[in-house]
Amino acid sequence: MERKKVRIHHFAQMKQRGEKITMLTAYDFPTARAFDEAGVDMLLVGDSVGDNMLGYDSTVPLTLDEMIPFARAVAKGAPHSFVVADLPFGSYEVSPQQAVESSIRMMKLSGAQAIKFEGGRRIASQVRAVTDAGIPFCGHLGFTPQSENALGGRRIQGRGDGAYDEMLADALALQEAGAFAVVLEMVIAPVAEKITAALDIPTIGIGAGSGTDGQVLVWLDALGVGDWHPSFSHQFAQVGAVMQQGAAGYVEAVKAGSFPSEDHTFDE
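About the criteria used
Residues numbered from 1 in each chain as written. Predicted model: local features only at pLDDT ≥ 70, side-chain atom pairs only at ≥ 80, totals over all residues. Heavy atoms only, no water. UniProt positions renumbered as here; feature names shortened; annotations may be inferred. Buried < 20%, exposed > 50% of the residue type's maximum accessible area, 1.4 Å probe, protein only. Helix = DSSP H or I, 4+ residues; strand = E, 2+ residues; numbered from the N terminus. Arc of directions from axis to C-beta. Contact = heavy atoms within 4.5 Å. Core = buried A, V, L, I, M, F, W, Y, C linked by side-chain atoms within 4.5 Å.

An unreviewed UniProt entry annotates the protein as 3-methyl-2-oxobutanoate hydroxymethyltransferase of Demequina activiva. Of the protein, the UniProt comment under Function (unreviewed entry) reads exactly: "Catalyzes the reversible reaction in which hydroxymethyl group from 5,10-methylenetetrahydrofolate is transferred onto alpha-ketoisovalerate to form ketopantoate." Among the UniProt annotations of the protein, the heading Catalytic activity (unreviewed entry) holds the following wording: "(6R)-5,10-methylene-5,6,7,8-tetrahydrofolate + 3-methyl-2-oxobutanoate + H2O = 2-dehydropantoate + (6S)-5,6,7,8-tetrahydrofolate".

## Topic: helix α1 (residues 8-17)
Within the span of α1, buried status applies to Phe 11, Met 14 and Lys 15. Viewed end-on, α1 has its buried residues packed into an arc of 100 degrees, placing them on one side of the element. Exposed side of α1, more than 90 degrees from the buried face: Gln 16 and Arg 17 are the residues found there. Along its buried surface, α1 packs onto β1 (21-25), β2 (42-45), β3 (82-86) and α9 (189-198). Immediately beyond the C-terminal end of α1, within one or two residues, lies Gly 18, with a positive phi of roughly 75 degrees.

## Some thoughts on the nonpolar core
If you look at the biggest cluster of nonpolar residues, it comprises 73 residues, and the most contacted ones within it are Met 42, Val 84, Met 106, Phe 117, Phe 180 and Ile 195. With near-sequence residues (within four places) excluded, Phe 117 lies in contact with Leu 87, Tyr 92, Ala 99, Ile 123, Gln 126, Val 127, Val 130, Phe 137, Cys 138, Gly 139 and His 140.

## Describing unusual backbone geometry
Note the cis peptide between Phe 259 and Pro 260, where omega equals 5 degrees. By secondary structure assignment, the location of Pro 260 is in the segment after α11 (239-256). Look at Met 186: it is not a glycine, yet its phi comes out positive at around 50 degrees. By the secondary structure assignment, Met 186 is in the loop between β6 (181-185) and α9. According to the relative accessible area criterion, Met 186 is buried, its value standing at 10%.

This is the structure in structure tokens:
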């Protein structure tokens, strides 16, 4: 049976029936096509493209102009998966109007189905403006990479007195503002599980334990590409090693003169 397009209402239905939601990052057409065909529910064109694909030290330098082509490529490669695109740092914080203008630009030029940006109560007015404009919104709480400097680095969130109450208040503010889901990143498992139970909308965890409604990973971490592999991730394949082996085989064949052979040559 042909797979149907994943729509926004499906995520609420999945939470209600206890079906886990799957999400992976994607940054280009062939990767999106592969993940779409694998049955991934949601693809995130994350601002993690900055430090994972463009070589930046963090996500902060990334611009909206840089993000849009990546999101466009993923949307074109994913006819079934639901595509969410990040707004990068500096493209939504100033005002609700800025957030709406950036979201509209991303949606019109990329073809993504939803927008994501970071923060809780402090950006609730932006979220409400975006959802009032008819744009689906996914929240992001816990460790928020765009605020890494303010958080003091990559620190686990949810610890300490009052941490749960603060994060729950942020999550409820996002839900009230119209978010259809919220990502919880590097949040201690008991807090993530309690927030998941308190919300009507789904939670998508990354380093937040198994008590969330779904999981998301950066695809390079999940499939073994690159040098940094966070402890909360798991390598489901060794794609990086296969790429290196294939490239090495190509180099060897060209140097030895065995490629191209007659099978790869046009005589006339």
